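The residues making up each chain are set out below.
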Amino acid sequence: MKIIMLGAPGAGKGTQAKVISEKYGIPHISTGDIFRANIKNGTELGKKAKAFMDEGKLVPDELTVELLLDRVGKSDCEGGYILDGFPRTIPQAEVLTEALAKTGDKVDFAINVDVPDEHIVRRMKGRRNCPACGASYNLEFNPPKAENTCDKCGAELVMRDDDKPETVAKRLEVYHEQTQPLIAYYEQQGVLRTVDGTLSMDGVFRAIQDILG
Ligand code: AP5
Ligand code: MG
């Protein structure tokens, strides 16, 4: 099963992709996480990507597409995968469609997690991540048991560099301009499914499960 998660920054793509990945036994591939790992490791790609990410802009397609095609070509993706944060532009979607078509394949579901902008700003303010194990929390909606400490590994939680309010505003603007058109693109392919992303995390997951079966 090949699944794409669509939705604004902070809509809950990563939160849901993680549980879908566990439940259906397919890898969760987040281009944002791949870029952040490169930034942490100080790679050339990380240096290039950071300049765009810190401004809330998209990393250019030239740096993103090859990386993604290489990742989905790995053996753990043979039984499918869930993409979180890719595609984000129409050209990226076209590359993916063409790459899959070469083997007579296609995306099975594009799940659009629909959340209005005003909810997004509130969620981003509260998001905290564990730099050690990658767990994600929200001070308001999903707080850690001990203040600022990861429940799973005890590391100190951090806020993402691009979650500052001014960067969030820019990311939302970029989303509406460049990524939202993918909703019509996948609707046309007959694979779009929209879920109400303002429900609780469990509620959103139940809605997605109903779709995936
Ligand atoms: P990326 O890491 O993909 O960020 P994003 O799309 O902006 O999305 P987020 O990760 O911020 O949000 P999410 O939807 O995963 O929400 P989450 O589950 O964390 O990309 C970062 C940057 O990398 C981009 O800006 C770009 O520069 C670059 N990039 C990446 N891919 C690219 C590509 N393909 N092309 C070009 N550039 C690319 O949830 C958010 C918060 O809300 C959390 O705190 C969570 O706990 C909480 N929450 C989740 N669900 C609920 C709920 N139902 N109720 C209440 N709270 C909830
Ligand atoms: Mg994410």
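Numbering of residues starts from 1 in each chain and follows the order in which that chain's sequence is written. The order in which chains are written sets their letters, starting at A; the order in which ligands are written sets their numbers, starting at 1. In view of the model being predicted, local features appear only for residues whose pLDDT reaches at least 70, and side-chain atom pairs are presented and counted only at 80 or more, with totals across whole chains, interfaces and linings using the full set of residues. The side-chain values count all of the structure's non-hydrogen atoms but skip hydrogen atoms and water molecules.

A. Representation of the overall build of the protein within the structure. Helix and strand counts for the protein come out as nine helices and seven strands. Relative to a compact globule of 213 residues, whose C-alpha radius of gyration would be 17 Å, the protein shows 17 Å and is just as compact. Structurally, the protein occupies a C-alpha span of about 50 × 40 × 35 Å along its principal axes. Classification of residues uses two cut-offs on accessible area relative to the type maximum, computed with a 1.4 Å probe and protein chains only: under 20% is buried, over 50% is exposed, and between them is partly exposed. Counting only residues that meet the buried cut, the protein has 45% of its 213 residues in that class. Intrachain contacts of the protein at a sequence separation of at least 6 include 68% that bridge at least 24 residues. A total of about 10,900 Å² of accessible surface is found on the protein, and carbon and sulfur atoms cover 51% of it. Here the protein contributes 28 positive and 33 negative side-chain charges, whose respective centroids are spaced 3 Å apart. Helix and strand definitions here come from DSSP, where helices need a minimum of 4 consecutive H or I residues and strands a minimum of 2 consecutive E residues; each element is numbered from the N-terminal end. The reference for a compact globule is 2.2 Å times residues^0.38; the radius of gyration itself is calculated from the C-alpha atoms. We call two residues in contact whenever any of their non-hydrogen atoms come within 4.5 Å of each other. Residue-level accessible areas treat just the shown protein chains as cover; the underlying method is Shrake-Rupley with a 1.4 Å probe. We treat Lys and Arg as the positive residues and Asp and Glu as the negative residues; His and chain ends play no part in the count. Charge positions come from single atoms, namely NZ of Lys, CZ of Arg, CG of Asp or CD of Glu.

B. Up close: the site of ligand 1. Taken together, 35 residues lie around ligand 1, and Thr15, Lys57, Arg88, Arg127 and Arg171 are the ones closest in. Identification of polar contacts relies on pairs of N or O atoms within 3.5 Å, with a donor-acceptor requirement for protein atoms, meaning one able to donate a hydrogen and the other able to accept it, and with residues adjacent in sequence counted only if both atoms are side-chain atoms. Gly10 is positioned with one of its backbone polar atoms (N or O) 2.8 Å from an oxygen atom of ligand 1. With the chains in place, 96% of the 1,000 Å² that ligand 1 exposes on its own is no longer accessible. Secondary structure elements with two or more residues in the shell around ligand 1: helix H1 (13-24), helix H2 (31-40), helix H6 (117-126), strand E6 (136-138) and helix H9 (201-212). At four residues, H2 tops the list of elements feeding residues into the shell around ligand 1. For the shell around ligand 1, the residue count by class is 14 nonpolar, twelve polar and nine charged. Only heavy atoms are used to decide nearness, and a residue is near a molecule or strand if one of them lies within 4 Å of it. All residues other than Ala, Val, Leu, Ile, Met, Phe, Trp, Tyr, Cys, Pro, Asp, Glu, Lys and Arg, Gly among them, are scored as polar; the first ten of these are nonpolar and the last four charged.

C. Inspection of the packing of aromatic side chains at higher detail. Ring pairs shown here join Phe, Tyr and Trp side chains whose ring centres sit within 6.5 Å, with only the six-membered ring taken for Trp; geometry is labelled stacked below 30 degrees between planes, edge-to-face above 60, and tilted in between. Under the criterion given, the structure shown has one aromatic pair. Each ring, one from Tyr185 and one from Tyr186, has its centre 5.0 Å from the other, and the planes form 80 degrees; the classification is edge-to-face. The exposure class assigned to Tyr185 is buried, which follows from its relative accessible area of 15%. Tyr186 gets classed as buried once you look at its relative accessible area, which sits at 0%.

D. Main features of the nonpolar core. Take the buried Ala, Val, Leu, Ile, Met, Phe, Trp, Tyr and Cys residues and link them wherever side-chain atoms come within 4.5 Å; each set so joined is a nonpolar core. In terms of nonpolar packing, the biggest core is built from 43 residues, with Met5, Leu83, Leu96, Ile111 and Tyr186 touching the most fellow members. The residues touching Met5, leaving out its near neighbours within four places in the chain, are Lys13, Gln16, Ala17, Ile20, Ile82, Leu83, Asp84, Gly85, Ile111, Val113 and Ile208.

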